[in-house]
Amino acid sequence: MHFAKVISGVLIIFLILCHCGCAAKRPPKRPPNIVVILADDLGSNDVSFRGSSQIPTPNIDALGYQGVILNRHYTPALCSPSRAALLTGKYPIHLGMQHSVIVSDEPWSLPMNEKTLPEYLKECGSYRTHMVGKWHLGFARKDFTPLQRGFDSHFGPWGPSLSYFSKRFLMPWEPFFDGHDMRRNENVTYESPGGYITDILTDEAVRVIRRHQQETDKPLFLLVTHIAPHAAEADNPLQAPREEILKFGYIEDPERRIYAAMVASLDRSVGKIVMALQETELLRNSLILFYSDNGAPTKGLYSTTGSNFPLKGQKSSPWEGGMRMPAVIWSPLIEKRHRVSDEVIYSTDWLPTFLGLCRTDPPTGIDGYDVWRTISRNKASPRHEILHNIDPILGYSSYYRDGWKYVNGTTSGGKFDDWLGHVVGADKTPAANAYAELVMKSPTWRALAPLAFRRLKVADIQELRQKAQIKCSAPWKATPCHALRSPCLFNLKHDPCEENNLAERFPRIVKEMAERVQVFEGSALPPRNAPQDPMSNPALWNDVWVSWLDELQMPKVRIKLN
């Protein structure tokens, strides 16, 4: 009898433990809150988790150490195509957005027949969808703008960039149109005059989180698309508060000092958003993703001194520096955290991944994969290839498959096909030796540490940081690439910095990859780019960038005559 009682007790305890273990892995009763924070033109060498001690980014780094550092996260190499890929799950070639970006005086947009991520999320989980920051997917008609493309609210500019203090966008070429560009939903707003745009967008994101917690029990989708550290203006690209710039006196290059202050403001924004999620108790069922939309432009138009080193190239190029972006993700739903993932992920993958968390099958006809098992359980990525781009106007293509990279042609006449930017060891911060402690004192660390699987130590941070560094290690004599003359081939597993062209050594692989690019070419839509419209000139519309095609159709056209 006593023996039976013992067995019965053991069985009950076993069942309780099983129940607890299953409950820990069971998806939440409702879909998670999803917060995506998008940096603009942030270089892969401009975050400190990649090894650089020049610009500390403790909040971004903490998000990665407590979650997962996505060490091979790729995006399109330009702003509008990158945003389009995120919101549709499609390659730019399948949207007609493979050439350049949408400029504010051009009457075109993300295709109107494309369903967007916030629209899908509303259907699958009754999400409340909010956007804070830069749109850059067209605004010549109001139908092109965020509230008509699935967002319940929007605060920020419609165009490609902004002066950080005046909130104006000045075109960098003739006819140099210039106008105010800030919206609250669809209304022009002049609030926070003289305020710094990164701080203004951060405060708005925090307000959205707090208001959401007070007003509804529906899941939240918040897309925060920062301007930072994109150049403000062609002639005055770098802008930050003076008191922030003074913190980086140890950096020799005065322009790089300003850039560092811009990045530091972006990092603080991440900390404030994470803390807002904690304070509202939304954090325990949230997913937070941070990445840069494309690489930094070290040289040329809108250059910022941003650094992609040791990766080759920069923004708007077919090279790794333009598209292999710093990315980190955190969620209590991730089963295997505190690690660096070297699995390949592309920005089109987020739409089906988020829909999977919402228990909805991905739509047909997209180019993304559900990579949740890769992120959460450290499984192999389902992605084996990436069509980076085929630009029929510039005449270049860039394609990846199973460790090989094929590049045929390039951009800007090859002027930026080099290894650009500050090196990893340049101008170290005085706090470099206390890096781990700096991370562990950040607001993001304080918010996430109580939810960690284990208590991370200084040695854990150092080990993860070491694993996240990109090391050029081609084991053979480097052969240069001249992509304007003939196609180039790289083995990224052994040569992530694209130093050694293997096209002559492996002609069969070059032929196979060229044939695959041709298949993609057959499915590509023609570029949607539209010529400049002089009626977009803000001087005609009370000094504001507006949806001018709608305004022109109104009974009384409100044109300001000079």
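Let us look at the structure shown here.

Criteria and cut-off values
- Residues numbered from 1 in each chain as written.
- Predicted model: local features only at pLDDT ≥ 70, side-chain atom pairs only at ≥ 80, totals over all residues.
- Heavy atoms only, no water.
- Helix = DSSP H or I, 4+ residues; strand = E, 2+ residues; numbered from the N terminus.
- Rg over C-alpha atoms; globule rule 2.2 N^0.38 Å.
- Buried < 20%, exposed > 50% of the residue type's maximum accessible area, 1.4 Å probe, protein only.
- Contact = heavy atoms within 4.5 Å.
- Pairing = 2+ DSSP bridges.
- Axes fitted to C-alpha atoms, helices over the stretch in contact; angles between N-to-C directions.
- Parallel < 35°, antiparallel > 145°, perpendicular 65-115°, else oblique.
- Nonpolar A, V, L, I, M, F, W, Y, C, P; charged D, E, K, R; others polar.
- Patch = residues over 30% accessible without salt bridge, like charges linked within 9 Å, V, L, I, M, F, W, Y side chains within 5 Å.
- Areas by Shrake-Rupley, 256 points an atom, 1.4 Å probe, with all protein chains shown as cover.
- Salt bridge = Lys/Arg side-chain N within 4 Å of Asp/Glu carboxyl O.
- Phe/Tyr/Trp six-rings, centres within 6.5 Å; stacked < 30°, edge-to-face > 60°.
- Lys, Arg positive; Asp, Glu negative; His and termini not counted.
- Charge placed at Lys NZ, Arg CZ, Asp CG, Glu CD.
- Disulfide = S-S within 2.5 Å.

1. Concerning the overall build of the protein
Piece 1. Secondary structure summary: the protein contains 15 helices and 17 strands in total.
Piece 2. Taking 24 Å as the expected radius of gyration for a compact globule of 562 residues, we find that the protein reaches 24 Å, a close match to that expectation.
Piece 3. Dimensions along the principal axes, computed over C-alpha positions, put the protein at roughly 100 × 60 × 50 Å.
Piece 4. Out of the 562 residues belonging to the protein, those deemed buried represent 59%.
Piece 5. In the protein, 73% of the contacts between residues at least 6 apart in sequence involve partners at least 24 apart.

2. So, the pairing of strand β1 (residues 33-39)
Piece 1. Burial analysis of β1 places 7 of its 7 residues in the buried class, which makes it a mostly covered element.
Piece 2. Because side chains alternate across β1, one face comprises the buried residues Asn 33, Val 35, Ile 37 and Ala 39, and the other comprises Ile 34, Val 36 and Leu 38, equally buried.
Piece 3. The pairing of β1 with strand β10 (residues 286-292) spans 7 bridges and is classified as parallel. By the bridge assignment, Val 35 is partnered in β10 with Ile 288.
Piece 4. As judged from the 5 bridges shared by β1 and strand β9 (residues 220-225), these two strands associate in the parallel manner. Bridging across to β9, Leu 38 finds its partner in Thr 225.

3. Quick look at the packing of helix α5 (residues 197-215) against helix α7 (residues 254-279)
Piece 1. Packing of α5 against α7 brings their axes to within 9 Å, and their N-to-C directions diverge by 10°. Taken together, α5 and α7 sit at an angle that is classed as roughly parallel. Counted together, Thr 198, Thr 202, Ala 205, Val 206, Ile 209 and Arg 210 of α5 and Ser 265, Leu 266, Ser 269, Lys 272, Ile 273, Ala 276, Leu 277 and Glu 279 of α7 form the full contact between these two elements.
Piece 2. A per-class count over the contact of α5 with α7 returns 7 nonpolar, 4 polar and 3 charged.

4. Looking at the sheet that holds strand β14 (residues 385-391)
Piece 1. Here 4 strands make up an open sheet; going across it, the order is β14-β15-β16-β17 and the pairing antiparallel. Taken across any chain shown, the strands that pair with only one partner, and hence form the sheet edges, are β14 and β17 (488-491). Between one strand axis and the next, the sheet turns by 10° as a mean value, whatever way the strands run.
Piece 2. Here strand β16 (residues 404-408) pairs with β17 via 4 bridges, running antiparallel. By the bridge assignment for β17, Trp 404 is matched with Asn 491.
Piece 3. Strand contacts of helix α14 (residues 507-523): β14, β15 (396-401), β16 and β17, with the helix running at about 110° to β15, the strand carrying the most contacts.

5. Here we look at the pairing of β10
Piece 1. Counting buried positions along β10 yields 7 of 7 residues, so the element is predominantly enclosed.
Piece 2. Both faces of β10 are covered, namely the face carrying Ser 286, Ile 288, Phe 290 and Ser 292 and the face carrying Leu 287, Leu 289 and Tyr 291.
Piece 3. As paired elements, β10 and strand β12 (residues 327-330) share 4 bridges and run antiparallel to each other. Paired with Tyr 291 across the two strands is Ala 327, which belongs to β12.

6. A word on a nonpolar patch on the surface
Piece 1. Taken together, the side chains of Leu 170, Trp 173, Phe 176 and Leu 301 make up a nonpolar region of the molecular surface, amounting to roughly 370 Å² of accessible area.
Piece 2. Residue position: Leu 170 is located in strand β5 (residues 168-170).
Piece 3. You can call Leu 170 partly exposed: its relative accessible area is 31%.

7. Looking at the packing of aromatic side chains
Piece 1. This structure, assessed with the given rule, holds 16 aromatic pairs.
Piece 2. Both rings, one in Phe 169 and one in Trp 545, keep their centres 5.8 Å apart while their planes meet at 45°; by these two values the pair is tilted. Within this pair, whereas Phe 169 is found in strand β5, its partner Trp 545 is found in the loop between α14 and α15 (548-553), the two being separated by 376 residues in sequence. Here the two residues Phe 169 and Trp 545 agree in accessibility, since each one is buried.
Piece 3. Ring centres of Phe 177 and Trp 545 lie 6.4 Å apart, and the angle between their planes is 55°; this geometry places the pair in the tilted category.

8. Concerning the environment of Val 101
Piece 1. Following the sequence through the fold, Val 101 ends up in the loop between α3 (79-88) and α4 (117-125).
Piece 2. The class for Val 101 is buried, based on a relative accessible area of 16%.
Piece 3. Linking Val 101 and Ser 82, residues 19 residues apart in sequence, is a C-alpha distance of 9.7 Å.
Piece 4. Sequence-distant contacts of Val 101, defined by excluding residues within four places in its chain, comprise Leu 78, Cys 79, Ser 80, Pro 81, Glu 106, Trp 108, His 136 and Asn 529.

9. Points about the environment of Pro 526
Piece 1. Within the secondary structure, Pro 526 sits in the loop between α14 and α15.
Piece 2. Residue classification places Pro 526 among the exposed residues on the basis of a relative accessible area of 60%.
Piece 3. Between the C-alpha atoms of Pro 526 and Leu 95, which are 431 residues apart in sequence, the distance is 8.5 Å.
Piece 4. Filtering out sequence-adjacent residues up to four positions away, Pro 526 remains in contact with Gly 96 and Gln 98.

10. Observations concerning a positive patch on the surface
Piece 1. A contiguous patch of positive charge on the surface is contributed by Lys 336, Arg 373, Arg 377 and Lys 379.
Piece 2. If you trace the backbone, Lys 379 turns up in the loop between α10 (372-377) and β14.

11. Some remarks on the state of the cysteines
Piece 1. Summed over the entire model, instances satisfying the criterion amount to 3 disulfides.
Piece 2. Between the sulfur atoms of Cys 124 and its disulfide partner Cys 358 the distance amounts to 2.1 Å. The sign of the 110° torsion about the S-S bond sets the Cys 124-Cys 358 disulfide as right-handed. You can see Cys 124 sitting in helix α4 and its partner Cys 358 sitting in the loop between α9 (350-357) and α10, a full 234 residues away along the chain. You'll find Cys 124 and Cys 358 in the same group, each marked buried.
Piece 3. Disulfide partner of Cys 472: Cys 497, at an S-S distance of 2.0 Å. Taking the torsion about the sulfur-sulfur bond, which here is approximately -85°, the covalent link between Cys 472 and Cys 497 counts as left-handed. With Cys 472 in the loop between α13 (458-468) and β17 and Cys 497 in the loop between β17 and α14, the pair connects residues that are 25 residues apart, well separated along the chain.
Piece 4. Judged by relative accessible area, Cys 472 falls into the partly exposed class, the value being 34%.

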